Amino acid sequence: MNATDRTPADLLGSALAADPARPLVTFYDDATGERVELSVATFANWVAKTANYLQGDLAAEPGDRLALLLPAHWQTAVWLLACSSVGVVAEVGGDPAAADLVVSGPDSLEAARACSGERVALALRPLGGRFPQPPAGFADYAVEVPGQGDRFAPFAPVDPGAVALAVGGEELTGAGIGGRALADAAAAGLPEAPRVLSGLGYDTWQGLSYGLYAPLATGGSVVLCRHLERLGADGTAARETAEKITYRAPDTLV
């Protein structure tokens, strides 16, 4: 992490400047067979489009709170970085009724309806596909975001000392996310520019750190696996070899 890196959005900007072509997030869903690999440049483009949508169409402002009702998924990682870019507080698994806006997967739509603000739904289909029929009362992310701008500039500066993330009953500032992720990496003995395998959920700091923030902060990449338990020990070992994994997140199920 460079001295000027303060927030996750800053970390992504530095990664983009250093090596835009290298992999950043590789996602597997072992219930569907899906595999998606996003380079730094591709991931950053999704983040820019999502941040433009969040700031523009959804009229979100710094300090607004977004209930993020999504599993560990590459699109969830995009939303986390988009929130950081705008200055919106991402509340992972937050209460939709208390949030200014909500972003929901297909399994949490009923709970998400408690939000009185803007509601966005993600189908979480392979290749970022849209819903066959958009759920009533929600904007379909896959319909709304592709046409957004490829570059993002916040309307207002993002304060790195402001709360940026709420997860597992605690809140972290933008600067605190990067600092804590680096501390996690050092404590765990992550190698230089690690390629991390994580089957952890995004509903805890540990899952977010190993599944996104620590690889980003250390110039590495993550292989994020949903339903990894379906592979078993042999299948997981084979994936580690195929993906050239240099570190497996602790407590990852096999």
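Everything that follows concerns the structure shown earlier in this document.
Residues numbered from 1 in each chain as written. Predicted model: local features only at pLDDT ≥ 70, side-chain atom pairs only at ≥ 80, totals over all residues. Heavy atoms only, no water.

### Examining the environment of glutamate 61
The following threshold applies: What counts as a helix is a DSSP run of H or I of at least four residues, what counts as a strand is a run of E of at least two, and both are numbered from the N terminus. The contact definition used throughout considers only heavy atoms, calling two residues in contact when any of these lie within 4.5 Å.
Inspection of the secondary structure assignment puts glutamate 61 in the loop between α2 (40-55) and β3 (65-69). Residues glutamate 61 and cysteine 83, spaced 22 residues apart in sequence, show a C-alpha to C-alpha distance of 9.7 Å. Excluding residues that lie within four positions of it along the chain, glutamate 61 makes contacts with Gly87 and Val88.

### Digging into the nonpolar core
Counted only if it meets this: Take the buried Ala, Val, Leu, Ile, Met, Phe, Trp, Tyr and Cys residues and link them wherever side-chain atoms come within 4.5 Å; each set so joined is a nonpolar core. Think of it in three bands: residues with accessible area under 20% of the maximum for their type are buried, residues over 50% are exposed, and the middle band is partly exposed, with areas taken using a 1.4 Å probe on protein chains only.
By size, the foremost hydrophobic cluster in this structure holds 63 residues, and its most contacted members are Phe43, Leu54, Trp79, Leu80, Leu165 and Tyr213. A per-element tally of this core places helix α3 (residues 74-86) first, with nine residues. In contact with leucine 80, not counting residues within four places along its chain, are Leu68, Ala90, Val92, Leu165, Tyr202, Leu208, Leu212 and Tyr213.

### Description of the packing of aromatic side chains
Condition: Note on ring pairs: Phe, Tyr and Trp rings are taken, using the six-membered ring of Trp, and paired if centres are within 6.5 Å. Classes follow the plane angle, with under 30 degrees stacked, over 60 edge-to-face and the rest tilted. Sitting over a ring, as applied to charges here, requires NZ of Lys or CZ of Arg to be within 6 Å of the ring centre and within 35 degrees of the ring normal.
Taken as a whole, this structure holds five aromatic pairs when the rule is applied. Ring plane angle 25° and centroid distance 6.2 Å describe the contact between tryptophan 46 and tyrosine 141, whose orientation is recorded as stacked. Of this pair, tryptophan 46 sits in helix α2 while tyrosine 141 sits in helix α5 (residues 141-144), and the two are 95 residues apart along the sequence. A relative accessible area of 1% means that tyrosine 141 is categorised as buried. Summarising the aromatic geometry, the rings of tryptophan 205 and tyrosine 213 are spaced 5.7 Å apart at their centres and angled 15° between planes, so their arrangement reads as stacked. Joined through ring pairs, the aromatic side chains of Trp46, Trp74, Trp79 and Tyr141 make up one cluster. Stacked on the ring of phenylalanine 138, the Lys or Arg arginine 119 has its end atom at 5.9 Å from the ring centre.

### Quick notes on the state of the cysteines
Two cysteines form a disulfide when their sulfur atoms are joined by a covalent bond. Selection criterion: Cysteine sulfur pairs qualify as disulfides if the two atoms are within 2.5 Å.
Evaluation of the coordinates by the stated rule reveals zero disulfides. The thiol sulfur of cysteine 83 is not disulfide-bonded, and the nearest other cysteine sulfur, from cysteine 115, lies at 13 Å. What makes cysteine 83 buried here is its relative accessible area of 0%.

### Description of the layout of surface pockets
Applicable threshold: With a 1 Å grid laid over protein atoms only, a set of points is called a cavity when a 1.4 Å probe fits there but cannot get out and a pocket when it is open yet has protein on both sides within 12 Å along at least five of seven lines; lining residues have an atom within 4 Å of a point. Grid points are joined across faces, edges and corners, and a volume is the space filled by probe spheres set on the points. Residue type decides the class: Asp, Glu, Lys and Arg count as charged, Ala, Val, Leu, Ile, Met, Phe, Trp, Tyr, Cys and Pro as nonpolar, and the leftover types, Gly among them, as polar.
Taken as a whole, the largest pocket spans an internal volume of roughly 290 Å³. Forming the boundary of the largest pocket are 15 residues, of which Leu12, Leu16, Ala44, Ala48 and Phe152 lie nearest the centre. At the level of elements, α1 (8-18) and α2 are the ones that each hand at least two residues to the lining of the largest pocket. The leading source of residues in the lining of the largest pocket is α2, at six residues. When grouped by side-chain class, the residues that make up the lining of the largest pocket number 10 nonpolar, three polar and two charged.

### Let's talk about the sheet that holds strand β8 (residues 163-167)
Just so we agree on the cut-off: Two strands qualify as a pair provided that DSSP identifies no fewer than 2 bridges between them. Lines fitted to C-alpha atoms define the axes, with helix axes restricted to the stretch in contact, and inter-axis angles between N-to-C directions lie between 0 and 180 degrees.
Pairing is mixed across the open sheet formed by seven strands, whose spatial order is β7-β6-β5-β3-β4-β8-β9. One side of each edge strand has no neighbouring strand; the edge strands of this open sheet are β7 (139-140) and β9 (170-173). Where β3 and strand β5 (residues 101-104) come together, four bridges link them in parallel fashion. Along β5, the bridge assignment pairs alanine 67 with valine 102. Taken strand by strand, α3 contacts β3, β4 (89-92), β5, β6 (118-121) and β8, and its axis lies near 170° from that of β3.

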